[in-house]
Each structure stands twice: as structure tokens, then as C-alpha cells.
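Survey of secondary and tertiary structure
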Amino acid sequence: MIKTDILIIGAGPTGLFAVFEAGLLKLKCHLIDALPQAGGQCSEIYPKKPIYDIPGFPEVLAGELVDNLMEQIKPFQPGFTLGERAETIVKLEDDSFVVTTNKGTRHNAPIVAIAGGLGSFEPRKPLLENLAKFEDKGVAYIIKDPEVYRNKKVVIAGGGDSALDWSIFLADVASEVTLVHRRNEFRGALDSVEKVQHLKDAGKINLMTPAEIVGLNGKDHLESVVIRKTGDDSAINFEVDNFIPLFGLSPKLGPIGDWGLEIEKNAIKVDNTLDYQTNIPGIYAIGDVNTYPGKLKLILCGFHEATLMCQSAYQRIFPDKKYVMKYTTVGGVTGFDGSKKEAPKAVVKAIE
Ligand SMILES: Cc1cc2nc3c(=O)[nH]c(=O)nc-3n(C[C@H](O)[C@H](O)[C@H](O)COP(=O)(O)OP(=O)(O)OC[C@H]3O[C@@H](n4cnc5c(N)ncnc54)[C@H](O)[C@@H]3O)c2cc1C
């Protein structure tokens, strides 16, 4: 069982920043995320888009913001359970919680901070009769490790950034990449559409539009997909090793919705007059996942909520200790790895 002080569900920007604020209070964190990487919406939906309303950054790419947050929390050595969805929660006699994921990993902590954003992202799946039979046997909805596709014949379906970007990337990895989309126009960035066109002209990507996958065949593993050109009744059987439908991810509050928390419009109600605690003492909800009067779903609001949550969590864990807040410019930052960022003595003296 993984034990920690604050168990954070969701490794989006809010969850990541909570690790830093907890670290300043010498509290250890562990994060669970259903996605294979940290960063939440910033990494999964818009890593290359600039953000203009992060204080102190006139402009920062969403992916860069996540990289910076990961760098900032490194000294506090958080643990990660990635690619697993928090499924159930049980309260123990000592008032701590055990959270178990869909893969059976168990986590124990006195504090649970739900930073689940819009919920766990579920892949949108094509409507194909025997799809489930081939899941993890040639069919995947998220590319976790591109090396899996080295020297393989791959068919990708979709018309957004994900389908375009992975087609471009896998063109150098797979033995053959075929991109199938039901329209002639793509929804992704113009630059990526142009790159796919160049790779097609260079014979490195097969482009099939407008077309769609209408069937899957194979014994124990996927062996071929059936592709039908739109407006054409005839279909071709196309031999492949892997089929990757990238139709986007739809967010759902998911199993957290059944944890006995007060929910309003698919978000968790919290006490915003104090500490972002839910109706269950010891369980907090921060960032996009919560709701209260005047709530704004913005990254900077998540950072603020994470900060207040950590102060309250400290008081819950150490009811008898008095915490005196110090600016990092005065107290410095001491990581759990022994690393130190100390304020110059003269500055400390001047402020104190
Ligand atoms: C296109 C776009 C542009 C945006 N631009 C801006 C902007 O310019 N400025 C701004 O401030 N905001 C912007 N936002 C909003 C911003 O991205 C969100 O406010 C922010 O991502 C919220 O962070 P979060 O950590 O609370 O949640 P999220 O980023 O949604 O992360 C939540 C994480 O929790 C995980 N999760 C949920 N449930 C579970 C579970 N049961 N088990 C395990 N993991 C779970 C999810 O997989 C996800 O990774 C934009 C959003 C989009 C989509």
C-alpha cells in the first residue's frame, strides 16, 4: 500500500502546484492520474497553445507550464500512479482514507485532495461491433509508448491534432502509417495538416479521406481493418498490426461521483469561505473539479485553492502545532532531497 500525507487525485496544474505548497509545509504528496502523463488538460488537450493569464508569465505554452511545475516540485519528490483511475474510497477507523484505482493499486493518506478537473478523460470510441475484443490486442485509444509501434503497420483514425501529430511522429517509427478520416478537411493546426500532406507526397503516410473504419478482423490479435470510402459501397480489407482511433477524450466526473460528495452540475461543492473542504471532512476538492459561488475555472484559481487547502490539511494532520507562514524569499525552499534554495541573509534580515 502506498502511504503519503496528501493523496492528490489528478495531476493537472492544480494537483502539481499543491505538491509545492504541501512541500513548504513538509507534507509529502502522491498523485494519481488516469492519463499516462502529468499536466491534465494542459498536456492532453493544448500543450502547444500559449496561455496569457499566468501571473508573471506574459506568455507561456501550456506544455512549458507543466514542465516548469514539474521542475518546481522536484525537490519535494512526489510519487505518481499514472495511467490509473481512482475508483473507490474507504474511510478507516483512524480517520485516514484508502483510495484504490481501477488497476487495484491502493493508497493510504489522512488527507485526500481531489484535483480531478473536468473528471477522468474517457476516450471516445468508434462504434464497431467487436471493438472490445481487440482492446490492448492491437487496438489502443491513447499512445503511451510510441516504441510499441516500431516497424508495425499502423492505421490511425481521426481528424484532430492528436491524429495528425501522432501520424507525423509514427511516420518515422512504424513501417507503414495510414491516416483515415471521414472528411477531407482536418480540424487540427494548419502546420500539422501541411506536414501530413508533405509526408503523404513523400510516400511516408497513406492518407485515406473521406473514409472510415467499418470493421475489425483477427483471431486473438487484430489482423486487419475494413475501410470504406465515403459514398462508395465497396470496402477494402486492409492488413494491419495496430488500429489507433484518436477521436478525442470526453471528460466525466466518473467514479468520484459515487463517493458520497455533494455534487452540483457535475462539480464537487466545497466550502470556499475557508479551505475548499467538501462535505466529507478530510476530503478537499480544488481546481476545475469544484464549485462554489463565483467559481472560475482558471489555472490561477486552482493554484490559490491548492495553497489554502494545504494550510488546512496541515492543521488537520497536526492539530496541536502552530504554523507560522514564511515567504519563500525569507524561509527559502528546502527539498526532501536535501536541496536548498536559500534567501540571501541580507534580504532575510531586511524583511524580518
Ligand atoms: C483549450 C483550452 C484552453 C485553455 N486556456 C486557459 C487559459 O488560457 N488560462 C487558464 O487559466 N485556463 C485555461 N484553460 C483551463 C485550464 O486548462 C483548466 O482550468 C486547468 O487545466 C484546470 O486544472 P486542474 O488541475 O484543476 O484540472 P485538469 O487540468 O483537468 O486535470 C485534472 C486531472 O485529473 C485527472 N482525473 C480526474 N478524475 C480522475 C480519477 N478518478 N482518477 C485519476 N485521475 C483523474 C484527469 O485525468 C486530469 O489529468 C483552458 C482549457 C482548454 C481546454
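Quantities reported herein were computed from a predicted structural model and do not represent experimental measurements.

Here we look at the pattern of salt bridges
- Inspection of the entire model under this criterion finds 10 salt bridges.
- Close ionic contact of Lys-74 with Glu-71 constitutes a salt bridge, the shortest N to O distance being 3.4 Å.
- Salt-bridge contacts for Glu-262 lead to Lys-269; the nearest nitrogen and oxygen are separated by 3.6 Å.

A closer look at the sheet that holds strand S12 (residues 153–157)
- With respect to topology, 4 strands assemble into an open sheet ordered S14-S13-S12-S18, the strand pairing being parallel. Edge positions in the open sheet fall to strand S14 (206–208) and strand S18 (242–245), since each of these has one partner strand only. Looking at each pair of strands side by side, their axes are set apart by 20° on average, direction ignored.
- Here S12 pairs with S18 via 4 bridges, running parallel. Residue pairing in the sheet places Ala-157 in a bridge with Pro-245 of S18.
- Sheet strands in contact with helix H5 (residues 161–170) are S12, strand S13 (176–180) and S18, and its direction is about 165° off that of S12.

A short note on helix H3 (residues 62–73)
- If you check H3, its first and last C-alpha atoms are 17 Å apart, about what 12 residues at 1.5 Å a residue would give, namely 16 Å.
- Residues of H3 that are buried: Ala-62, Gly-63, Leu-65, Val-66, Leu-69 and Ile-73. The arc that holds the buried residues of H3, viewed along the axis, is 160°, so those residues lie on one side.
- On its buried side, H3 packs onto helix H1 (13–24), helix H2 (40–44), strand S4 (50–51), strand S5 (60–61), strand S6 (79–82) and helix H7 (299–317).

Some thoughts on the UniProt feature "binding site: FAD" (unreviewed entry) in the protein
- Within this structure's numbering, the places UniProt gives as "binding site: FAD" (unreviewed entry) are Thr-14, Asp-33, Gln-41, Tyr-46, Ala-86, Phe-121, Asp-288 and Thr-329. A maximum C-alpha distance of 37.9 Å shows the annotated residues, which cover 316 residues in sequence, to be distributed over more than one spot. For the largest pocket, the lining residues drawn from the annotated set are Tyr-46 and Phe-121.
- Within the element layout of this structure, Thr-14 appears in helix H1.
- The class for Thr-14 is buried, based on a relative accessible area of 10%.
- Checked against the element boundaries, Phe-121 lands in strand S11 (residues 120–123).
- Contacts of Phe-121, omitting those with residues within four sequence positions, involve Leu-35, Gln-41, Ile-45, Leu-249, Ser-250 and Pro-251.

Things to note about the layout of surface pockets
- There is about 1,300 Å³ of room inside the largest pocket.
- Around the largest pocket, the lining comprises 40 residues; the ones closest to its centre are Ser-43, Glu-44, Pro-47, Ser-162 and Asp-165.
- Here the lining of the largest pocket takes 7 residues from H5, the largest share from any one element.
- Taken together, the residues that form the lining of the largest pocket break down as 22 nonpolar, 8 polar and 10 charged.
- When residues are assigned to domains, the lining of the largest pocket turns out to be shared by domain 1 (2–121 + 250–351) and domain 2 (126–247), each giving three or more.

Definitions and limits used
Residues numbered from 1 in each chain as written. Predicted model: local features only at pLDDT ≥ 70, side-chain atom pairs only at ≥ 80, totals over all residues. Heavy atoms only, no water. Salt bridge = Lys/Arg side-chain N within 4 Å of Asp/Glu carboxyl O. Pairing = 2+ DSSP bridges. Helix = DSSP H or I, 4+ residues; strand = E, 2+ residues; numbered from the N terminus. Axes fitted to C-alpha atoms, helices over the stretch in contact; angles between N-to-C directions. Contact = heavy atoms within 4.5 Å. Expected span 1.5 Å × (residues − 1). Buried < 20%, exposed > 50% of the residue type's maximum accessible area, 1.4 Å probe, protein only. Arc of directions from axis to C-beta. UniProt positions renumbered as here; feature names shortened; annotations may be inferred. 1 Å grid on protein atoms, 1.4 Å probe; cavity = no way out; pocket = protein on both sides within 12 Å on 5 of 7 lines; lining within 4 Å. Points joined across faces, edges and corners; volume = space filled by probe spheres on them. Nonpolar A, V, L, I, M, F, W, Y, C, P; charged D, E, K, R; others polar. Domains from an automatic or database assignment.

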